[in-house]
Amino acid sequence: MNTIHVVCGDIAAQQLRAAMAQAHRADPVLVLRDDLAIGPLREIDENERQRAAFWQRVHPVAGRDYVAELREERISLQRLVEGDSAVVCWHGDSASDQLTLRRVAFMLRNTPARLNEIVLRGSDLATPSSPQDTTRRTSVGMYAPAVLADRFARIAPISLLRIGRLSLEWRALKQVNTQVRRWVNNTFEGATFAEIDDQILAMAPVDWTPMAAFLGEAMPRIEGFFATDSFLLWRCRELGAAGRLALRGDTTAPAACDLRLE
């Protein structure tokens, strides 16, 4: 049986393909790029309009067609369902990876024997100079190709009972439809954009500071999910529009604007 590997994000795909080269494998990789930790989920498996509108607000890019991108992702998942290949979902301890696992489990719930996984932990990132941290938030793209190549021998089927549980969790997460989904102590916690805004304001400088430098410091301090620079820049724009932050320059590009507390 052929095998298709599923990962969340382009960096994860890049690392996995490098691992395959080391392991002399040529399996196809399905890259799911939608960051499921933020934004509305309720309609995600039926149509792409709601998610596309959200991403257009978060990261407006001239000429970028979010509807087409998300439609292609949805079609790719449907092709996965209709195929007969074994599926391996790679995931770390992050909200996006865990949500991707649940979405794939939901899609393949009627053919559970096809679904397998590779589990990556914070301890897998331990080095002689960096002690083991089993609670570290991780994603597949953080692991070196050599580490990933070693994991091919650990591909394991997901039990029917667990697939059912993961599918139910995905349904529930879509129904609750919170603005932010955090992964904390092996469970999901809902949060609001307002909570993220409060954290941004608590970290915001009183003097003009380059946005890129601020985002670099802020991103690792947001708990429960990997907050990207584009997401936090959007929240800064929203705070600027509300008169709570002062912004200057091109606020769609971190390298071209500054911020300070209003």
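Residues numbered from 1 in each chain as written. Predicted model: local features only at pLDDT ≥ 70, side-chain atom pairs only at ≥ 80, totals over all residues. Heavy atoms only, no water.

The protein chain has the name DNA repair protein in an unreviewed UniProt entry, where Pandoraea eparura is given as its organism.

As a further point, take the sheet that holds strand β5 (residues 156-157). Spatially, five strands are ordered β2-β1-β3-β4-β5 in an open sheet, and the strand pairing comes out mixed. Each edge of the open sheet is held by one strand with a lone partner, namely β2 (29-32) and β5. (Pairing = 2+ DSSP bridges. Helix = DSSP H or I, 4+ residues; strand = E, 2+ residues; numbered from the N terminus.)

With that settled, consider the layout of surface pockets. What the largest pocket holds in volume is close to 940 Å³. Along the walls of the largest pocket sit 29 residues, with Gly9, Asp10, Arg33, Asp34 and Asp35 positioned nearest its centre. Looking at the lining of the largest pocket, the elements that each hand over two or more residues are α1 (10-23), β2, α3 (66-82) and α4 (95-107). Looking at which element gives the most residues to the lining of the largest pocket, the answer is α3, with six residues. Among the residues making up the lining of the largest pocket, the classes are represented as eleven nonpolar, nine polar and nine charged. Counting residues domain by domain, the lining of the largest pocket receives three or more from each of domain 1 (3-176) and domain 2 (192-261). When its volume is computed, the second largest pocket comes out at roughly 560 Å³. Surrounding the second largest pocket, 22 residues form its lining, Asp93, Trp183, Val184, Asn185 and Asn186 being those nearest its centre. Only α4, α6 (160-176), β6 (180-184) and β7 (187-191) provide two or more residues apiece to the lining of the second largest pocket. Considering each element in turn, the lining of the second largest pocket owes the most residues, four residues, to α6. (1 Å grid on protein atoms, 1.4 Å probe; cavity = no way out; pocket = protein on both sides within 12 Å on 5 of 7 lines; lining within 4 Å. Points joined across faces, edges and corners; volume = space filled by probe spheres on them. Nonpolar A, V, L, I, M, F, W, Y, C, P; charged D, E, K, R; others polar. Domains from an automatic or database assignment.)

A separate point is empty space enclosed by the protein. Applying the stated criterion across every chain, the model contains three cavities of 30 Å³ or more. Taken together, Asp34, Ile44, Asn47, Glu48, Leu70, Glu73, Arg74 and Arg103 make up the full set of residues lining the largest cavity. At three residues, α3 tops the list of elements feeding residues into the lining of the largest cavity. Among the residues forming the lining of the largest cavity, the class breakdown is two nonpolar, one polar and five charged.

Before going further, it helps to examine the nonpolar core. As a rule of thumb, nonpolar side chains are buried together in soluble globular proteins. In this structure, Phe214, Phe225, Phe231 and Leu232 are the most contacted members of the largest nonpolar core, which totals 58 residues. Here this core spans two domains, and each of domain 1 (3-176) and domain 2 (192-261) adds at least three residues to it. (Core = buried A, V, L, I, M, F, W, Y, C linked by side-chain atoms within 4.5 Å. Buried < 20%, exposed > 50% of the residue type's maximum accessible area, 1.4 Å probe, protein only.)

On to the packing of helix α8 (residues 211-218) against helix α9 (residues 229-241), then. It is at 10 Å that the axes of α8 and α9 come closest, and there the two elements cross at 115°. Here α8 runs over α9; the crossing is right-handed. Every residue of α9 that contacts α8 at Met211, Phe214, Leu215 and Ala218 is listed here: Asp229, Leu232, Leu233 and Cys236. When its residues are assigned to classes, the contact of α8 with α9 shows seven nonpolar, no polar and one charged. (Axes fitted to C-alpha atoms, helices over the stretch in contact; angles between N-to-C directions. Left-handed = near helix turned anticlockwise from the far one by under 90°. Contact = heavy atoms within 4.5 Å.)

Before going further, it helps to examine the packing of α3 against α4. Their axes nearest at 9 Å, the elements α3 and α4 cross at an angle of 50°. Judged on the interaxial angle alone, α4 and α3 are oblique. Seen along the crossing, α3 lies across α4 with a hand that is right-handed. On the side of α3, the interface is formed by Glu73, Leu77, Gln78 and Val81, while α4 contributes Arg103, Val104 and Met107. (Parallel < 35°, antiparallel > 145°, perpendicular 65-115°, else oblique.)

A word on the side chain of glutamate 73. Structurally, glutamate 73 can be placed in helix α3. With relative accessibility at 10%, the residue glutamate 73 sits in the buried group.

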